[in-house]
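Here is what each chain is made of, one letter per residue.
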Amino acid sequence: MANSFLDSLTLVRQNTPLVQCLTNSVVMQFTANVLLAAGATPAMVDTPAESAEFAAVANGVLINAGTPSAEQYQGMTKAIEGARKADTPWVLDPVAVGGLSERTKYAEGIVDKQPAAIRGNASEIVALAGLGAGGRGVDATDSVEVALEAAQLLAKRTGGVVAVSGAEDLIVSADRVTWLRSGDPMLQLVIGTGCSLGALTAAYLGATVDSDISAHDAVLAAHAHVGAAGQIAAQKASAPGSFAVAFIDALYDVDAQAVASLVDVREA
Amino acid sequence: MANSFLDSLTLVRQNTPLVQCLTNSVVMQFTANVLLAAGATPAMVDTPAESAEFAAVANGVLINAGTPSAEQYQGMTKAIEGARKADTPWVLDPVAVGGLSERTKYAEGIVDKQPAAIRGNASEIVALAGLGAGGRGVDATDSVEVALEAAQLLAKRTGGVVAVSGAEDLIVSADRVTWLRSGDPMLQLVIGTGCSLGALTAAYLGATVDSDISAHDAVLAAHAHVGAAGQIAAQKASAPGSFAVAFIDALYDVDAQAVASLVDVREA
Amino acid sequence: MANSFLDSLTLVRQNTPLVQCLTNSVVMQFTANVLLAAGATPAMVDTPAESAEFAAVANGVLINAGTPSAEQYQGMTKAIEGARKADTPWVLDPVAVGGLSERTKYAEGIVDKQPAAIRGNASEIVALAGLGAGGRGVDATDSVEVALEAAQLLAKRTGGVVAVSGAEDLIVSADRVTWLRSGDPMLQLVIGTGCSLGALTAAYLGATVDSDISAHDAVLAAHAHVGAAGQIAAQKASAPGSFAVAFIDALYDVDAQAVASLVDVREA
């Protein structure tokens, strides 16, 4: 069965991984609801006084500097330290890296602290790898294909998985490249669908860390889960308000079999 | 009529209490929408420059240190001072107290500043009372029953009402213990249903402060309102996205009679 | 055709203006979703390290000091500088000005930095013009009519457009006064409908800056778009949870012709 990576979906629901999100204020609520619907438990502990302590008990950590206060930057640095000390997998979402100077410098400074996964759009991944100029905020202006080289560079450099979100998603490890066709364009019209995918990636990594599912498969499954939910939502709703509601419902309702029937996975 | 505590629901709608929420960034939007749907008016004034000034005109104040920046802690301290000076009832939600050191210390420092009510899950109430070790973030790992002793300790110590959220809610004053059976498990899958209940508790206290309804009954009614809305939502929706929408609708639509028919109140 | 101002709705969808929002934490998610549904692209870049840099590439900037941290105030000041240097139109939403001292002083300090538009309720506009005492938080306690004098003062002083939200909206420029009847009372029960209208005003100004549509017409069209979407939502939903969903859907679905048929515009 080619879809064994989807066993990780079942593990998320069984293990209810605790995901610590140091993320931007715009998407905190949506991210928490995505995690809850998918079977994980969110906690947005992001202050320097508490973030390292919490990273030691969390099952996964997300770092997303979308609206980074000076204090939250400190919290992120501490959380990464705490995660590494406790062997908690952490995920880097380089939101708007390349487009804005300060966060680009910050992301470049933490990319070598062994994130278990990096998730961004093509522009962000290209910029993070030092290969391009980046986009305007959260838009992807480079195509996903262009990002393949950048993702492979980053995967080798970090030893982790690099995921590039786009019309087709690209999941890259040092020795493996997987294309995922799933999702729906309407996902772009709901704020936080990309950012919460970073959090869900941390959930999948945390839920599978003691299983025989590879990190690559866990990251792939997180993307397939979101993509399939987007497809189900698009069958029920044709405008972004009701689509967002249907998307959360579908994250909760969908099972591994339904995900497998909806998405298209291709190893390169 | 045993349900006279529900007269406070009508008072909330008549008086549209202004509720100042110093709360975490994750649930601000949801909390505001819960207050509006229930009949109250939200205002998230949480900076040290403004929070005391606003607490003097607010009808109720919520303190919830879920994502507490250094500046918000200062704002909380000032808001409590302003509330006490103006006799504005304030509510303490000790979110994740016991599980995280800094906020535990902060909560222990303000618990003696006479909160009109404290609302948390069993782990948080047990930890705040100094009787246990606390949970992992926002989960309740102690049962509500175990929290009874802790709630009674806190009620006596503060002179206020202590509410413990769980499968059954427990409302405790110095001389009264009430069990409330209401709600639906799906409430756990929507972020902010607990945190916004803290805000709604402040609304109920503010709306009834000049009535002959006791603080105990006001807190009980806030919990019954939320629980009944959860039950109505569960009749309409079976996944958390549509459940959240139906929950807000039900908070707005439900009247005291419907609440009374849905919830089960037992004096101990 | 009297509704040529609605050509700007089409321009928003064609140009997908990038709107930088320095706004309060309560409404960030909803504001982003409103912008996306209407056809614009949101980016909540609000730190002093990045806000000026981003204002140079944004098509419009919103300044809304609803929950203003010290750092966000600095970010706002820098964003306004960046916007002015790059000729990016910026919109001031004086939320709760008049009711709270610090933000009132801040707003009075920036009102002369040539906002392209100011959008608030009657109390806020009256207070900003120095003519009244302001309200309790976000409520409008002065009638829209009373605000006419204040709006005209501010329009002359800034050279921009001043919009007063109320039962009827009032759009005022130095030489023009337009009344807009649209919307639905249910809009008041969803947090962020007013704040996101400020952001949408920036989107409309940004999308039309190189067209022959006047700033006055662009601001009017933003208000008409929101008002019409509120009317459509009210036909589909009678409680605020489902109303909010239907409102986002309607922002996305409605076209200029439907807006024209729903709203009532009167030049004074």
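Residues numbered from 1 in each chain as written. Chains lettered and ligands numbered in written order. Predicted model: local features only at pLDDT ≥ 70, side-chain atom pairs only at ≥ 80, totals over all residues. Heavy atoms only, no water.

- Under an unreviewed UniProt entry, the name given to chain A is Hydroxyethylthiazole kinase, and the source organism is [Brevibacterium] flavum.
- Comment text from UniProt for chain A, heading Pathway (unreviewed entry), reads "Cofactor biosynthesis; thiamine diphosphate biosynthesis; 4-methyl-5-(2-phosphoethyl)-thiazole from 5-(2-hydroxyethyl)-4-methylthiazole: step 1/1."
- According to its UniProt record, chain A has this under Function (unreviewed entry): "Catalyzes the phosphorylation of the hydroxyl group of 4-methyl-5-beta-hydroxyethylthiazole (THZ)." (UniProt positions renumbered as here; feature names shortened; annotations may be inferred.)

Considering the relation of the copies chain C and chain B
- Mapping chain C onto chain B calls for a screw motion: a turn of 120 degrees about the axis and a shift of 0.0 Å along it, with 0.0 Å RMSD after fitting. Both copies are brought into coincidence by an operation consistent with a three-fold rotation axis. When C-alpha distances to the rotation axis are compared across chain C, the minimum falls at Ser 25 of chain C, with a value of 3.7 Å.
- Comparing contact sets, just 7% of the residues at the interface of chain C also lie at the interface in chain B, consistent with a heterologous contact between different surfaces. (Least-squares fit on C-alpha atoms with pLDDT ≥ 70 in both. Contact = heavy atoms within 4.5 Å.)

Focus on the sheet that holds strand E3 (residues 60–64) of chain B
Residues and elements named next belong to chain B.
- Read across the sheet, nine strands follow the order E2-E1-E3-E4-E5-E6-E7-E8-E9 without closing on themselves; strand pairing throughout is mixed. Across the chains shown, the open sheet's two edge strands, defined by having one partner strand only, are strand E2 (41–43) and strand E9 (264–267). Neighbour-to-neighbour, the strand axes of the sheet open up by a mean angle of 20 degrees, direction not taken into account.
- Two elements, strand E1 (residues 18–22) and E3, share four bridges in a ladder whose sense is parallel. The residue of E3 that forms the bridge with Gln 20 is Val 61.
- Each of strand E5 (117–121), strand E6 (161–165), strand E7 (169–173) and strand E8 (176–181) is contacted by helix H7 (residues 147–158), which is oriented at about 35 degrees to E7, the strand it contacts most. (Pairing = 2+ DSSP bridges. Helix = DSSP H or I, 4+ residues; strand = E, 2+ residues; numbered from the N terminus. Axes fitted to C-alpha atoms, helices over the stretch in contact; angles between N-to-C directions.)

Quick notes on the interface of chain C and chain B
- Taken together, the contact between chain C and chain B spans 29 residues of the former and 25 residues of the latter.
- Across the interface of chain C and chain B, roughly 2,100 Å² is buried in total on both sides, 60% from carbon and sulfur atoms.
- Across the contact surface, chain C and chain B share one salt bridge.
- For Glu 50 of chain B, the salt bridge goes to Arg 103 of chain C, with nearest N and O atoms at 2.6 Å.
- Where chain C meets chain B, there are seven residue pairs in polar contact (both at pLDDT 80 or more).
- At the level of secondary structure, the elements contributing two or more residues to the side of chain C that touches chain B comprise helix H2 (28–38), helix H4 (70–85), helix H5 (101–110) and helix H10 (240–253) of chain C.
- Top contributing element to the side of chain C that touches chain B by residue count: H10 of chain C, with four residues. (Buried area = accessible area lost by both parts, 1.4 Å probe. Salt bridge = Lys/Arg side-chain N within 4 Å of Asp/Glu carboxyl O. Polar contact = N/O pair within 3.5 Å; in protein donor to acceptor, adjacent residues only side chain to side chain.)

Comments concerning the packing of aromatic side chains
- Tallying each qualifying case throughout the model produces nine aromatic pairs over all chains.
- Note on Tyr 73 of chain A and Tyr 106 of chain A: the rings are 4.5 Å apart at their centroids and 50 degrees apart in plane angle, and the pair reads as tilted. Placement of Tyr 73 of chain A in helix H4 (residues 70–85) and of Tyr 106 of chain A in helix H5 (residues 101–110) is noted, with a sequence separation of 33 residues between them.
- With a centroid separation of 6.5 Å and 10 degrees between ring planes, the pair formed by Phe 243 of chain B and Phe 247 of chain B is classed as stacked. Residue Phe 243 of chain B and its partner Phe 247 of chain B are both found in helix H10 (residues 240–253); the two are separated by four residues, about one turn of the helix.
- When its relative accessible area of 0% is taken as the criterion, Phe 243 of chain B is described as buried.
- These aromatic residues form a ring-pair network of at least three members: Phe 30, Phe 243 and Phe 247 of chain A. (Phe/Tyr/Trp six-rings, centres within 6.5 Å; stacked < 30°, edge-to-face > 60°. Buried < 20%, exposed > 50% of the residue type's maximum accessible area, 1.4 Å probe, protein only.)

Brief notes about the UniProt feature "binding site: substrate" (unreviewed entry) in chain A
- UniProt's entry tags Met 44 and Gly 192 of chain A with the feature "binding site: substrate" (unreviewed entry), counted in the numbering of this structure.
- Topologically, Met 44 of chain A is positioned in the loop between strand E2 (41–43) and helix H3 (51–55).
- Not counting the four nearest positions on each side in its chain, Met 44 of chain A is found in contact with Cys 21, Met 28, Thr 31 and Ala 32 of chain A together with Val 26 and Thr 67 of chain B.
- Its place among the elements puts Gly 192 of chain A in the loop between strand E8 (176–181) and helix H8 (193–208).
- Given a relative accessible area of 7%, Gly 192 of chain A falls into the buried group.
- With residues near it in sequence (within four places) discarded, Gly 192 of chain A still touches Val 27 and Phe 30 of chain A.

Some words on the relation of the copies chain B and chain A
- When chain B is fitted to chain A, the best match, at an RMSD of 0.0 Å, comes from turning it 120 degrees and sliding it 0.0 Å along the axis.
- Mapped onto chain A, only 7% of the interface residues of chain B are again interface residues, and the two copies thus contact each other with different surfaces.

Quick notes on the environment of Ser 242 of chain B
- Topologically, Ser 242 of chain B is positioned in helix H10.
- Among all residues touching Ser 242 of chain B, those that are not within four sequence positions of it are Val 245 and Asp 249 of chain A together with Ala 237 of chain B.
- In terms of polar contacts, Ser 242 of chain B uses its side chain to reach the backbone carbonyl oxygen of Ala 239 of chain B, at 3.4 Å.

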